[in-house]
Amino acid sequence: MLKKPPIILILLIFILFVGIGDSVLPEPMKSASLNTRESINKNLLGLFPTWKSKLKPNERTNKAIEEAEKKGK
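Since the structure is predicted, the reported quantities are computational estimates derived from the model, not experimental observations.

**Q** For the overall build of the protein chain, give the residues involved together with the corresponding values.
**A** If you tally the helices and strands in the protein chain, you get 3 helices and 0 strands. When the elements of the protein chain are put in sequence order from the N terminus, they spell out α-α-α. Here the C-alpha radius of gyration of the protein chain, 26 Å, is well above what a compact globule of 73 residues would show, namely 11 Å. Of all 73 residues assigned to the protein chain, the portion counted as buried reaches 4%. Element-wise, carbon and sulfur atoms account for 66% of the exposed surface of the protein chain, whose accessible area totals about 7300 Å². Separation between the mean location of the 13 positive side-chain charges and that of the 7 negative ones in the protein chain comes to 9 Å.

The following block contains the structure:
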């Protein structure tokens, strides 16, 4: 007989718990599912740093507008 549960079954149950548990399960498990999903999302987003462009795309346009305003006065 099987002495340990198959890993695929455990993984599938976990994915279902996290994915749709907050809409299907009763209240104590509903909040646990929602908290688990939010925690996973927060940790996964924390792995990737926020990227900020070193270029300033509007800087040239802003300078041109300021120069045009100065010439118009």
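**Q** Give me the lowdown on the packing of helix H1 (residues 7–24) against helix H2 (residues 27–47), citing residues and values where you can.
**A** With their axes 8 Å apart at the nearest point, H1 and H2 run at an angle of 110° to one another. In terms of axis orientation, H1 runs roughly perpendicular to H2. Every residue of H2 that contacts H1 at Phe14, Phe17, Val18, Gly19, Gly21 and Asp22 is listed here: Met29, Lys30, Ala32, Ser33, Leu34, Thr36, Arg37 and Ile40. Looking at the contact of H1 with H2 residue by residue, the classes come out as 7 nonpolar, 4 polar and 3 charged.

**Q** Got a sec to walk through the confidence of the model for the protein chain? Specific residues and values, please.
**A** Low-confidence regions, as indicated by low pLDDT, have predicted coordinates that should not be scrutinised in detail. Per-residue pLDDT for the protein chain averages 88, and the proportion of residues at 70 or more is 96%. Averaged pLDDT values over the elements of the protein chain bottom out at 89 in helix H3 (residues 59–72) and peak at 93 in H2.

**Q** Can you explain the environment of Glu27? Please cite residues and give values.
**A** Relative to the helices and strands, Glu27 is located in helix H2. What makes Glu27 exposed here is its relative accessible area of 51%. Through-space distance from the C-alpha of Glu27 to that of Phe48 is 33 Å; in sequence the pair is 21 residues apart.

**Q** If you had to explain the pattern of salt bridges to someone new, which residues and values would you point to?
**A** Summed over the entire model, instances satisfying the criterion amount to 2 salt bridges. In this structure, Asp22 engages Arg37 in a salt bridge whose closest nitrogen and oxygen atoms are separated by 2.8 Å. Highlighted residues: Asp22 in helix H1 and Arg37 in helix H2, separated in sequence by 15 residues. We classify Asp22 as partly exposed; its relative accessible area is 23%.

Quick notes on the rules
- Residues numbered from 1 in each chain as written.
- Predicted model: local features only at pLDDT ≥ 70, side-chain atom pairs only at ≥ 80, totals over all residues.
- Heavy atoms only, no water.
- Helix = DSSP H or I, 4+ residues; strand = E, 2+ residues; numbered from the N terminus.
- Rg over C-alpha atoms; globule rule 2.2 N^0.38 Å.
- Buried < 20%, exposed > 50% of the residue type's maximum accessible area, 1.4 Å probe, protein only.
- Areas by Shrake-Rupley, 256 points an atom, 1.4 Å probe, with all protein chains shown as cover.
- Lys, Arg positive; Asp, Glu negative; His and termini not counted.
- Charge placed at Lys NZ, Arg CZ, Asp CG, Glu CD.
- Axes fitted to C-alpha atoms, helices over the stretch in contact; angles between N-to-C directions.
- Parallel < 35°, antiparallel > 145°, perpendicular 65-115°, else oblique.
- Contact = heavy atoms within 4.5 Å.
- Nonpolar A, V, L, I, M, F, W, Y, C, P; charged D, E, K, R; others polar.
- pLDDT = per-residue confidence, 0-100.
- Salt bridge = Lys/Arg side-chain N within 4 Å of Asp/Glu carboxyl O.

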